[in-house]
Structures are given as structure tokens and as C-alpha cells.
Amino acid sequence: MESKLLAKRPVLSKSEMEIARVLWGLGEATAREVTEALPKGRKLDFSTVQTYLSRLENKSYVKSKLVGRAKVYRGSVKPQQVVREAVDDFVKLLFGGEKVPLVRHLVSEAGVSKEELAELRELIESMEREQDNVDID
């Protein structure tokens, strides 16, 4: 509900999301530390990472503070909120806001294992129990 009350942040590009995920994993970091923490095989130079961090700051996903001569960045939005907003946008765009067709697509096209099906079944049952408890109150 919170995101509907606030002005909508601009959507992140794939590379911006990648840099944000690295930063979230570190907690707070300089551009140099983010560059060094990139996955093996992902070659981005320091100035490119600085550019992405500046974009993330301009889009209000991260904040920075000056420590000595270096900017130290940290997330200003929780990763779960960013994921929720991105998935909501995706579902609206591809499925007209309907969640069941997305789940059906993921389950039928992604080759879900028996263990994953059991986990999904438990999730559904847990959600049903929660709704039953809310309906009783």
C-alpha cells in the first residue's frame, strides 16, 4: 500500500538492478567496493559502476554520504519492495494484472520439481489458513 501513496520511482534497468543487488548484499559500500563485489566474469569498470550508483541515487533507490573523499552508498529502499514493485509492473504489463496466469505459466513452463510443488502446496495452504483466521476475526 505504501508505494501507492508515494510518487512512483522510475523503473530500474537490468544493469542498475544488478548494481543495486550487489549494494544490498554489502549493506553499504563505496563504488570501488561494489565494483570488486561484482560476480566473477562480470566486467564493469569503476567509472561505469559510479555512473550506475549515481543513477540509482537520482532515482531514489540509494543514498550516499561523503566519508573522507569517498562516497559511501546504501540502499534507501528495501529489496523486497523493489521486487514487489517490479513484479507488479511485470504482471500488469504481460498479464493484465492477473496473477494466476503468471503462476500457471511459471509452473507449466519452468519445469517445477516435486519438491518445489510441495513447497508451493504448503505456501497455498498456509495462505488459506491465514485468510481463514482473518475471516474469523
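Residues numbered from 1 in each chain as written. Predicted model: local features only at pLDDT ≥ 70, side-chain atom pairs only at ≥ 80, totals over all residues. Heavy atoms only, no water.

Asks: Tell me about the overall build of the protein, residues and numbers included.
Replies: Of regular secondary structure, the protein possesses 7 helices and 3 strands. Along the protein, from the amino end to the carboxyl end, the secondary structure elements read α-α-β-α-α-β-β-α-α-α. A compact globule built from 137 residues would reach a C-alpha radius of gyration of about 14 Å, whereas the protein, at 19 Å, exceeds it by more than 25%. Dimensions of the protein, computed from the C-alpha atoms along their principal axes, are close to 55 × 35 × 25 Å. Counting over 137 residues, the protein shows a buried share of 22%. In the protein, once contacts between residues fewer than 6 apart in sequence are set aside, the share between residues at least 24 apart is 46%. (Helix = DSSP H or I, 4+ residues; strand = E, 2+ residues; numbered from the N terminus. Rg over C-alpha atoms; globule rule 2.2 N^0.38 Å. Buried < 20%, exposed > 50% of the residue type's maximum accessible area, 1.4 Å probe, protein only. Contact = heavy atoms within 4.5 Å.)

Asks: Describe the environment of A37, naming the residues involved and giving the relevant values.
Replies: Tracing the backbone shows A37 in helix 3 (residues 31-37). Once residues lying within four places of it in the same chain are set aside, the contact partners of A37 are V22 and L26.

Asks: Tell me about the sheet that holds strand 1 (residues 28-29), and name the residues and values.
Replies: As summarised here, the arrangement of the 3 strands in space is 1-3-2, forming an open sheet in which the pairing is antiparallel. The open sheet has two edge strands, strand 1 and strand 2 (62-67), and neither has a second partner. Judged from the 2 bridges that link them, strand 1 and strand 3 (residues 70-75) form a sheet pairing that is antiparallel. Following the sheet pairing, A29 is matched in strand 3 by Y73. Relative to the sheet, helix 4 (residues 46-58) contacts strand 2 and strand 3, its axis offset from that of strand 2 by approximately 120°. (Pairing = 2+ DSSP bridges. Axes fitted to C-alpha atoms, helices over the stretch in contact; angles between N-to-C directions.)

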